[in-house]
Structures are given as C-alpha cells and as structure tokens.
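# Chains, contacts and geometry: an overview
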Amino acid sequence: MPTIGWVFLLLAIALVVGSLLMLKDSANMPISKEKMARIKKRKAEVEAQEKKEKEDDNW
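### Brief notes about the overall build of the chain
When helices and strands are counted, the chain shows 2 helices and 0 strands. On C-alpha atoms alone, the chain measures out to a radius of gyration of 23 Å, which is more than a quarter above the 10 Å that the 2.2 N^0.38 rule sets for 59 residues. Oriented by its inertia axes, the alpha-carbon framework of the chain measures out at about 65 × 35 × 10 Å. Burial statistics for the chain: of 59 residues in total, 0% are counted as buried. When the accessible surface of the chain is summed, it comes to about 6,100 Å², and 65% of that surface belongs to carbon and sulfur atoms. Of note, the chain has its 11 positive side-chain charges centred 8 Å away from the centre of its 9 negative side-chain charges.

What follows is the structure in structure tokens.
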C-alpha cells in the first residue's frame, strides 16, 4: 500500500478513536433536579398518551 494510503488509514482510525473518547467523557454529565423533574413529567405524559391511543385502537 502506498504511503498516502497508510496516512489516510491512520487518520481515519485516529478520528474514530478520538470521537469515541469524547463521547465517553461526555456520557456522565450531571442533570439538574429541575431538568430531571421535567424529563420525568414529559415521560409520564407521553406514556399516558400512548396508553390512551392503544385503548382507542382496541375497539
């Protein structure tokens, strides 16, 4: 393989590994209590809506 091929291959591997490391570092970001409460409220609303739609479909 020509030298430029190896350069591109190493560059691609470095980009993938770097992206994975950045993703790993940002995975444990803290969420405020207010935001968590809004997330749980929205989740409950969506689940209630889905349950209602499911009951409406079962005629």
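Picking up after the structure, the text goes on.
### Here we look at a negative patch on the surface
Judged by side-chain charge, Glu47, Glu50, Glu53 and Asp57 come together as a negatively charged surface patch. Within the secondary structure, Glu53 is located in helix H2 (residues 33–57). Judged by relative accessible area, which is 43%, Glu53 ranks as partly exposed.

### A short note on the environment of Lys41
Its place among the elements puts Lys41 in helix H2. Looking at Lys41, the relative accessible area reads 56%, which means it is exposed. Distance from Lys41 to Glu55, taken between C-alpha atoms, is 21 Å for residues 14 residues apart in sequence.

Reading the values: rules and limits
- Each residue is numbered by its place in its chain's sequence as written, counting from 1.
- With the structure being a predicted model, the display of local features is reserved for residues of pLDDT at least 70 and the display and counting of side-chain atom pairs for 80 or more, all residues being used for whole-chain, interface and lining totals.
- To get the side-chain values, take all heavy atoms of the structure and skip hydrogens and water.
- Only DSSP runs of H or I with at least four residues qualify as helices, and only runs of E with at least two residues qualify as strands; both kinds are numbered from the N terminus onward.
- Radius of gyration: C-alpha atoms only; globule rule: 2.2 Å multiplied by the number of residues to the exponent 0.38.
- Burial classes follow relative accessibility: with a 1.4 Å probe on protein chains only, a residue under 20% of its type's maximum area counts as buried, one over 50% as exposed, and anything between as partly exposed.
- In short, Shrake-Rupley with a 1.4 Å probe defines the accessible areas, and a residue's cover is counted only from the protein chains shown.
- A positive count includes Lys and Arg, and a negative count includes Asp and Glu. His and the chain ends are not counted in either.
- To locate a charge, the coordinates of NZ of Lys, CZ of Arg, CG of Asp or CD of Glu are taken.
- Residues enter a patch when their relative accessible area is above 30% and they make no salt bridge; the linking distance is 9 Å between like charges and 5 Å between nonpolar side chains (Val, Leu, Ile, Met, Phe, Trp, Tyr).
- Any carboxyl oxygen of Asp or Glu within 4 Å of a side-chain nitrogen of Lys or Arg constitutes a salt bridge here.

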